[in-house]
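Commentary on secondary and tertiary structure
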Amino acid sequence: MAEENSPLIRFQSVVKKFPGVVANDRVSFTVAGGTIHSLLGENGAGKTTLMNILYGLYQQEGGSIYLRGEEFKIDSPTRAIELGIGMVHQHFKLVENHTVAENIAMGLSSASTIRPTRAIKRKLLELAGQYGLEVDPDAKIWQLSAGEKQRVEILRALYRGADILILDEPTSVLTPGETDRLFEVLEDMKSEGRTIIFITHKLDEVMEISDVVTVLREGRVVDTIETRSTDKTELSRKMVGREVLFDLEKSSRERGPKILEVEGLNAQNDKRVQAIRDLTFSVHEGEILGIAGVAGNGQRELAEVLTGLRNATSGNIFIDGEDVTNSSPRTITDREVAHIPEDRMKQGIVGNLSLKDNVILKAYRSKPFSRGILINSNLVQEHAEKVIEDFDIKVPGPDTPANLLSGGNIQRLILGREVSSNPRLIIASHPTYGLDVAAAEQIRQLLLEQRETGVGVLLISENLTEVTSISDRIAVLFEGEIMGTVESQEFEREELGMMMAGTPLEDLERRKGTDQGQK
Amino acid sequence: MKDRLPFKITKRKNPSGFAVITVSFLALLGAFIVASIVFWAYGANPIQAYKALFSGAFGGLYEISETVRRATPLLLAGIGLVIAFKAKFWNIGAEGQLLLGAIAASWVALFSPVPGPLMIPAMFFFGFLAGAAWGLIPAFLKSKLGINDVITTLMMNYIAINLVLFLVQGPWKGEQQWGFPYTDKFPASAQLPTIGNTNVHWTTVLVGVIAAFAVYFIINRTTPGFEIKVLGSNPAAGRFAGMSYVKTTLFVMTISGGLAGMAGVGEVAGIHHMLRNPSELSLGYGYTAIIVAWLARKNPIAVILTSLFFGAIFAGGDAIKVSLGLPFQITDVFNGLILFFLIGSELLMSYKIEWRQS
């Protein structure tokens, strides 16, 4: 059956449906052996679903998958592993309380019953050395960083002899340095003849790492092209079906009175270590203040203190001139403050409740949705339908449980909920984290629209491009302190970078001053 | 190629109503099958035993009335547990809350100056308060101090049992009871009317049915009910939305303990007309109510049916004891098996079997 020159993998009219959605619609394309093949698409485009079919987690309802010219029914991951397919999921499938070696031994038929990890360790270290994927076999998973966990997942796939490796959004958990390391490893594996399928929605990564790219949109293949014969603009057009506005239109407008004022704010993190120090800043009506900085420099604690979820140890927070320091989240919500939380699945929605219930998660106790303690279900239904339409949430209906929605749709749901309460201040934590280009752009556009209507926005984000593209002013946070605040037109990107690395603005200006003095 | 199973097990996020009912029935069937082995081991013919059980529960008007009588405390306590379980508060303490209700009702009947016509309402009112107070202690410990609710609610049962024992053997021991550990008999104004010659104190049944619909309404149509659903599913999101975990937990346990307390009122005012040994007052109704709530899949209206089902097992268990000479504890074995299979089947509901096409 198998022909010499047939492609390594061929998808032939693969169809997969979920209730109310066609996740994969007659998907056909081929992957050549020994290449890095990107699957590019927005959230919900069907990339992960398709790869879950290849890995045997889902079964297609129509169409076929051919490996080296031969048709296979891959009905379980076990079967996929037998066929040499390995997959590293976006959310790692590791047992946190077990060691690295134990996680690799798990489910491995060749592992011995007694002391299963002994023989494994040696081969594991060998593999790790070969690819520069250093990891301590005896370390417990929970002790590892996200990047290390990913290494364990890759090693596990390699250990099982995977020569086709699927990586689902592998860089979303990595630091820039770790990403570079990962790409080197992938190149090494390619040069050995392994095949890598790389799921992503980041255009830069596609251009950097892959040989061929298949673009998916709404479950369909838009195109499969060689990377060197295309560019980012073309890819983004294919991905979203229209040109993405990388530069958002932003009107210059007079900023209004102060809506949020923070004075000398101090707070601790969960480990009772000081996390933010003497923060003083303000947000005006009709202004976006961006808080830039590398993750873990007090951003989370700042958002929590401002929204009443964490107590300040000293200092004051004023909303519209009123002192709300250490008030409850409800009091702050009642001051017309909206909050887009950092972890949308855990903090933003209640997954097993309906979209309808999630839409009124905050407004349920105020008119018109309820009077006294009675909830007006008809009105809630209407409101939910309106939010679905206004914010373009792709969902069968208001009764669908929120956990069936994709990331972008969940974020639009949260934003729709928060914005429809007509806030005067929005505190947005990483609002576009993990979203695809179009969804992220839509979210930014929504924030700008809010700014137009006179809402003050505090945008906390690690994405520097995002912060610089929509903020009016930017404050840089480093180790809990503000290194400086600059007007968004009057800075150099390099300066922001230096502030993010811990150089205060004053020092930069002094240095600049002396430079000019010497000239 | 290796041989493979002809089916495959996959996960599902939201089990359909049909799946829930099918799985629940299969769980009951499993429990019945295993219980028949127990019957058989006792030397009884399982089929005969089930016949005796059925006719003991539904064989005639009297049998049916006994079923309803046993179902009454299960109904009230079961509804209370439904609301607690909705909020993911694991109230194992309905037994103690029920006994506290019985104590409060006995106090009203025997020692309070409440005039006759107000006696019954006062007993239910104070019974509710006492049960609620007993439930609020663990609610407070959990929500404020993070102390495990399963352990505290369970331990509170033993305190309640010994409190009743102390009262009936000590300060409240009746003068006309020839030294038995009973309180004096309640005055006639503190005794609930029954239907004909049966033991069905219909007032309590009515209270229970009203409570079922009221709790259904609270959960689905009111703001406190919305908070219960949210905090029971994702406490972090509830906190972000400004809901108070402490307040909701206290509210939930006021209702949960209060309803169990009213079940206790019904038992002393409707059946015993006195406070007596806890093992005679309650046949472990507070524990069985856990299974009642679980089988109802946390739906308060369904508790009306499931409490009747377990009422039937209690009534039928009585009949088996008489007709087949089996120990009454067989009903405990039965109930235990049902809970075992129900909890085991939870897992099955979140998965489905897909047959492979050949």
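Just so we're clear, the structure is a prediction, and the values are computed from it rather than from any experiment.

1. Notes on the overall build of chain A
Summing up its helical and strand segments, chain A has 18 helices and 22 strands in all. Taken along its principal axes, the extent of the C-alpha atoms in chain A is 75 × 65 × 50 Å. Among the 519 residues that make up chain A, the fraction classed as buried is 44%. Of the contacts made within chain A by residues no fewer than 6 positions apart, 66% connect residues no fewer than 24 positions apart.

2. Some thoughts on the domain arrangement of chain A
Each domain of chain A was delimited in the assignment, giving domain 1 (1–84 + 164–169 + 192–243) and domain 2 (285–313 + 321–518). In this structure, domain 1 of chain A and domain 2 of chain A have C-alpha centres spaced 34 Å apart.

3. Let's talk about the sheet that holds strand β11 (residues 258–268) of chain A
All names here are of chain A. Taken in spatial order, the four strands line up as β12-β11-β14-β15 in an open sheet, and their pairing is antiparallel. With one partner strand each, in any of the chains shown, β12 (274–284) and β15 (322–323) form the two edges of the open sheet. Bridge count for β11 against strand β14 (residues 314–319) is five bridges, and the pairing is antiparallel. Opposite L260, over in β14, you have I319 as the bridge partner. Contacts between helix α9 (residues 299–306) and the sheet are confined to β11, β12 and β14, with β12 contributing the most and set at about 60° to the helix.

4. Notes on the environment of A84 of chain B
Residue and element names in this part refer to chain B. Looking at where A84 falls in the secondary structure, it is placed in helix α3 (residues 61–86). For the pair A84 and Y50, spaced 34 residues apart in sequence, the C-alpha to C-alpha distance is 33 Å. With near-sequence residues (within four places) excluded, A84 lies in contact with F89, N91, V252, M253 and S256.

5. Examining the interface of chain B and chain A
Counting residues at the interface gives 19 residues for chain B and 29 residues for chain A. Going through the elements one at a time, α8 (223–233) and α9 (235–240) of chain B are the ones with two or more residues in the side of chain B that touches chain A. Tallying contributions element by element places α8 of chain B first for the side of chain B that touches chain A, with six residues.

6. Here's the deal with the packing of α3 of chain B against helix α13 (residues 302–324) of chain B
Residue and element names in this part refer to chain B. Taken N-terminus to C-terminus, the directions of α3 and α13 make an angle of 135°; their axes are 7 Å apart at the nearest point. Considering their axes alone, α3 and α13 lie oblique with respect to each other. The chirality of how α3 crosses α13 is right-handed. Two secondary-structure elements touch here, α3 through E63, E66, T67, V68, R70, A71, L74, L75, G78, I79 and V82 and α13 through V303, I304, T306, S307, L308, F310, G311, A312, F314 and A315. A per-class count over the contact of α3 with α13 returns 13 nonpolar, five polar and three charged.

7. Re the sheet that holds strand β9 (residues 212–217) of chain A
Residues and elements named next belong to chain A. Ordered in space as β6-β7-β8-β3-β9-β10, the six strands form an open sheet in which the pairing is mixed. At either margin of the open sheet sits one strand with a lone partner, and together these are β6 (85–88) and β10 (220–226). Across the sheet, the axes of successive neighbouring strands diverge by a mean angle of 15°, strand direction being ignored. In terms of strand pairing, β6 meets strand β7 (residues 164–168) through four bridges, oriented parallel. Note on β7: the bridge partner recorded for M87 is I166. Its contacts with the sheet place helix α6 (residues 176–191) against β3 (36–41), β7 and β8 (195–200), and it is angled at close to 145° to β8.

8. So, the nonpolar core
Residues I166, L458 and L459 of chain A together with A77, A105, M123 and A293 of chain B are the most contacted members of the largest nonpolar core, which totals 243 residues. The leading source of residues in this core is α3 of chain B, at 12 residues. Not counting the four nearest positions on each side in its chain, L459 of chain A is found in contact with I288, L289, G290, I291, A428, L447, V467, I470 and S471 of chain A.

9. Observations concerning the pairing of strand β20 (residues 456–460) of chain A
Each regular strand displays side chains that alternate between the two surfaces of the sheet. All names here are of chain A. Buried residues dominate β20, accounting for five of its five residues. Neither face of β20 is exposed, since G456, L458 and I460 on one face and V457 and L459 on the opposite face are all buried. Pairing analysis gives four bridges linking strand β13 (residues 288–292) to β20, with the strands arranged parallel. Residue I291 lies in a different strand from β20, and its bridge partner there is I460. Sheet topology places strand β19 (residues 425–429) next to β20; five bridges connect them, and they run parallel. Residue pairing across strands places I427 opposite L458, the latter belonging to β20.

10. Considering the pairing of strand β21 (residues 473–478) of chain A
Residues and elements named next belong to chain A. Counting buried residues in β21 gives five out of six residues, a clear majority hidden from the surface. The sheet contact formed by β13 and β21 spans four bridges and is parallel. Considered in β21, the bridge of G290 is made with I474. Pairing analysis gives six bridges linking β21 to strand β22 (residues 481–487), with the strands arranged antiparallel. Across the sheet, residue L477 finds its bridge partner in β22, namely I482. Hairpin connection between β21 and β22: a loop of two residues separates the two successive antiparallel strands, and E479 in this loop has a positive phi of roughly 45°.

11. What to know about α8 of chain B
Burial within α8 of chain B is extensive, with eight of its 11 residues counted as buried. Here α8 of chain B has its buried residues at T223, G225, F226, E227, I228, V230, L231 and G232 of chain B. Tucked inside the fold, the buried residues of α8 of chain B contact β17 (370–371) and β18 (374–375) of chain A together with α3, α7 (202–221), α9 and α10 (245–272) of chain B.

12. Topic: the environment of L182 of chain A
All names here are of chain A. Structurally, L182 is set in helix α6. Remark: the alpha-carbon pair of L182 and Q150, spanning 32 residues in sequence, is separated by 9.4 Å. Ignoring sequence-local partners within four residues, the contact set of L182 consists of P170, T171 and L174.

Rules of the game
Numbers given for residues are sequential positions, taken from 1 along each chain in its written order. Chains and ligands are labelled by the order in which they are written, letters from A for the one and numbers from 1 for the other. For this predicted model, a pLDDT threshold of at least 70 governs which residues receive local features, and a threshold of 80 or more governs which side-chain atom pairs are given and counted, while totals over whole chains, interfaces and linings are taken from all residues. Under the scheme used here, helices are H or I runs from DSSP no shorter than 4 residues and strands are E runs no shorter than 2 residues, and both carry numbers assigned from the N terminus. As a rule, residues whose C-beta atom has 12 or fewer other C-beta atoms within 10 Å are exposed, those with 20 or more are buried, and those in between are partly exposed; C-beta atoms are placed from the backbone. Placing C-beta atoms from the backbone, we regard two residues as in contact once those atoms come within 7 Å. The source of the domain bounds is an automatic or database domain assignment. The criterion for strand pairing is that DSSP finds at least two bridges linking the strands in question. Axis lines are fitted through C-alpha atoms, for helices just across the contact stretch, and the angle between N-to-C directions can take any value from 0 to 180 degrees. Orientation is classified from the angle alone, with under 35 degrees giving roughly parallel, over 145 giving roughly antiparallel, 65 to 115 giving roughly perpendicular, and any other angle giving oblique. Take the far helix as the reference: if the near one is turned anticlockwise from it by less than a right angle, the crossing is left-handed, and if turned clockwise, right-handed. Residues are grouped as follows: Ala, Val, Leu, Ile, Met, Phe, Trp, Tyr, Cys and Pro are nonpolar; Asp, Glu, Lys and Arg are charged; every other residue, Gly included, is polar. Each nonpolar core reported here comprises buried Ala, Val, Leu, Ile, Met, Phe, Trp, Tyr and Cys residues connected via C-beta atoms within 7 Å.

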